[in-house]
Amino acid sequence: MKTEWILVMNATRARFIRGLPKSGEPAESELVLRSESHKLRDVMSDKAGRSFSSASKGRRSALSYGTDPLREDEIAFVREIIALLETHRRAGDFDSLVVFADPHMLGLLRDKLPVALKSLIRREIPKNLAGIVETALPEVLKHELGGESGHFGKGGLAIGNH
């Protein structure tokens with residue numbers, strides 16, 4: 001029997017739905033990852049520091065960040081998501097994957113996914129559903145997928161080998 005997981009994610013939360021229940025059946029509990037995200041004001045409050053300019057006497061200037069700290073948080077979170085998916089893929093826990101993610105995070109995920117996981121993706125839907133309550137999410141996902149998991153429906157792009 002084929003097992004399809006659904007990843008629902010945004011920049012701070014990833015929910016792994018291990019198959020959608022048939023009508024009247026209880027949903028399996030979902031796996032949830034939360035990022036150790038930081039708000040920009042929190043990151044920026046850790047001042048980069050100050051340095052003395054060698055060109056002029058006593059003049060000081062602020063040091064700037066070499067990278068975007070929020071983007072680095074997002075990339076680290078995507079790597080955590082991939083590590084969890086890869087562990088479960090190797091264990092044979094799923095053989096196809098549907099991804100719902102806000103467009104920005106979907107792009108980051110695409111860039112970092114290894115080939116073995118990319119080949120299991122049946123659909124990608126650029127939509128943020130991560131904030132939907134656990135009890136309502138299965139029905140919302142069924143609606144978005146056009147019925148039961150495993151059917152192509154509206155709002156998504158079919159990719160991969162499936």
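See the structure above.
Residues numbered from 1 in each chain as written. Predicted model: local features only at pLDDT ≥ 70, side-chain atom pairs only at ≥ 80, totals over all residues. Heavy atoms only, no water.

With that settled, consider the nonpolar core. Core analysis: the biggest nonpolar cluster contains 24 residues, and L7, M9, I81 and L85 have the highest contact counts within it. Every element with two or more residues in this core is listed here: β1 (4–9), β2 (13–17), α2 (69–90), β6 (96–101) and α3 (103–112). At 6 residues, the largest contribution of residues to this core is made by α2. Dropping the residues within four chain positions of it, L7 is found in contact with A14, R15, F16, I81, L85, L97, V98, V99, F100 and L109. If you look at the next biggest cluster of nonpolar residues, it comprises 12 residues, including V8, I17, L20 and L141. (Core = buried A, V, L, I, M, F, W, Y, C linked by side-chain atoms within 4.5 Å. Buried < 20%, exposed > 50% of the residue type's maximum accessible area, 1.4 Å probe, protein only. Helix = DSSP H or I, 4+ residues; strand = E, 2+ residues; numbered from the N terminus. Contact = heavy atoms within 4.5 Å.)

The N-to-C vectors of α2 and α3 enclose an angle of 60 degrees; their axes lie 10 Å apart at closest approach. The angle between α2 and α3 falls in the class oblique. Relative to α3, α2 is oriented so that their crossing is right-handed. Packed against α2, whose contacting residues are R71, E74, I75, F77, V78, R79 and I82, the element α3 presents H104, M105, L108, L109 and K112 at the interface. (Axes fitted to C-alpha atoms, helices over the stretch in contact; angles between N-to-C directions. Parallel < 35°, antiparallel > 145°, perpendicular 65-115°, else oblique. Left-handed = near helix turned anticlockwise from the far one by under 90°.)

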